[in-house]
Amino acid sequence: MTGLSSLLIIVGLFLLGGVYSFVKQKMPRNLVVLLSVSAALCLVAGVMRLEVWN
């Protein structure tokens, strides 16, 4: 399942880029926090699913 973990990591990095963009545009704090949490969850899930860690 390396493909799924790679996909989760890529989505997490994409969301982190969105967080950076939203902070620069001074978007509402709720939206930035929600995007940050979802990015963190994607990255953690992707890393935990890697077969190296199992």
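Treat the numbers as computed from the prediction; the structure is a model and nothing was measured.

(A) Just helix H2 (residues 29–49), in detail. Under the 1.5 Å per step criterion, the end-to-end length of H2 is 30 Å for 21 residues, consistent within 8% with the ideal 30 Å. Every buried residue of H2 is accounted for by Val-32, Leu-35, Ala-39, Cys-42 and Gly-46. One side of H2 carries all its buried residues, which in axial view fall inside an arc of 95°. Facing away from the buried side of H2 by over 90 degrees, the exposed positions are Arg-29, Asn-30, Leu-34, Leu-41, Val-44 and Met-48.

(B) Spotlight on a nonpolar patch on the surface. Judged by side-chain polarity, Leu-4, Leu-7 and Val-11 come together as a nonpolar surface patch covering roughly 230 Å² of accessible area. Tracing the sequence through the fold places Leu-4 in helix H1 (residues 2–24).

(C) Representation of the side chain of Ser-5. With respect to the helices and strands, the residue Ser-5 is situated in helix H1. Overall, Ser-5 belongs to the buried group, its relative accessible area being 0%. Contact partners of Ser-5, with chain neighbours within four places excluded, come to Gly-46, Arg-49 and Leu-50.

Scoring rules and cut-offs
- Residues numbered from 1 in each chain as written.
- Predicted model: local features only at pLDDT ≥ 70, side-chain atom pairs only at ≥ 80, totals over all residues.
- Heavy atoms only, no water.
- Helix = DSSP H or I, 4+ residues; strand = E, 2+ residues; numbered from the N terminus.
- Expected span 1.5 Å × (residues − 1).
- Buried < 20%, exposed > 50% of the residue type's maximum accessible area, 1.4 Å probe, protein only.
- Arc of directions from axis to C-beta.
- Patch = residues over 30% accessible without salt bridge, like charges linked within 9 Å, V, L, I, M, F, W, Y side chains within 5 Å.
- Areas by Shrake-Rupley, 256 points an atom, 1.4 Å probe, with all protein chains shown as cover.
- Salt bridge = Lys/Arg side-chain N within 4 Å of Asp/Glu carboxyl O.
- Contact = heavy atoms within 4.5 Å.

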